[in-house]
Amino acid sequence: MPITYEVLRNGHYIHALAAGNVSGSEFIKYEIDHAADEKVSGPLMEILEINYGALREINSEDVKRIIDIRKKEKPSVMPHKCAIVISAGDAKSWDIAKFYEGMVELHLPETVIVFGDLDIARTWLGV
């Protein structure tokens, strides 16, 4: 699977990694899988690291589908902060992640920020 994740810190922290070539359906599957993971509890902090080029097949329509699916799910009252970390020089992944960040801000009760540095993302999350 191009996106793998582990649940840490008694369910309060997800560390995910997107590697290889992630398809729209795989990105959607990741969103559904970790949202429904019984090991996860709030408040939740998440880092999604994106390797260079991993989102080259993802487009804005895929992101809109993810947001639509998540809006139809039972609304979460769990505080959720997500840091998306993009590899240096990966303009395509940066653009998709920034689009996702904006869509979440408009439609979902969570905070998403895109970073270019893993250490700064961890500091923001407090991990």
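To keep things clear, this report deals only with the structure shown in the data block. This one's a predicted model, so the numbers in the text were calculated from it and none came from an experiment.

1. Quick look at the pairing of strand 1 (residues 3-8)
Relative to strand 2 (residues 13-18), strand 1 runs antiparallel, the two sharing six bridges. Within the sheet, the bridge partner assigned to Glu6 lies in strand 2 and is His15.

2. Remarks on helix 2 (residues 60-72)
Over its 13 residues, helix 2 runs 19 Å from end to end, which matches the ideal 18 Å to within 8%, given 1.5 Å per residue. Residues Asp62, Val63, Ile66, Ile67 and Arg70 constitute the buried set of helix 2. Considered in projection along helix 2, the buried side chains sweep an arc of 140° and stay on one side of the axis.

3. What to know about the packing of aromatic side chains
Taken as a whole and assessed by the stated rule, the structure comprises three aromatic pairs. Between Tyr5 and Tyr30 the ring centres are 5.8 Å apart and the planes differ by 75°, which places this aromatic pair in the edge-to-face class. Separated by 25 residues along the polypeptide, Tyr5 in strand 1 and Tyr30 in helix 1 (residues 24-36) bring together distant segments of the chain. Ring plane angle 45° and centroid distance 5.6 Å describe the contact between Phe115 and Trp124, whose orientation is recorded as tilted. Positioned above the aromatic ring of Tyr13 is the side chain of Arg9, whose terminal nitrogen or guanidinium carbon lies 5.7 Å from the ring centre. Against the face of Trp124 rests Lys81, its NZ or CZ located 4.4 Å from the ring centre.

4. Considering unusual backbone geometry
A cis geometry characterises the amide bond from Gly42 onward to Pro43, with omega recorded as -5°. Positive phi is not limited to glycine here, since Arg9 has a value of about 50°. Here Arg9 is to be found in the loop between strand 1 and strand 2. Here Arg9 falls in the partly exposed class, since its relative accessible area comes to 49%. Positive phi values are uncommon outside glycine, yet Asn10 reaches one of about 55°. Within the secondary structure, Asn10 sits in the loop between strand 1 and strand 2.

Definitions and cut-offs
Residues numbered from 1 in each chain as written. Predicted model: local features only at pLDDT ≥ 70, side-chain atom pairs only at ≥ 80, totals over all residues. Heavy atoms only, no water. Pairing = 2+ DSSP bridges. Helix = DSSP H or I, 4+ residues; strand = E, 2+ residues; numbered from the N terminus. Expected span 1.5 Å × (residues − 1). Buried < 20%, exposed > 50% of the residue type's maximum accessible area, 1.4 Å probe, protein only. Arc of directions from axis to C-beta. Phe/Tyr/Trp six-rings, centres within 6.5 Å; stacked < 30°, edge-to-face > 60°. Lys NZ or Arg CZ within 6 Å of the ring centre and 35° of its normal.

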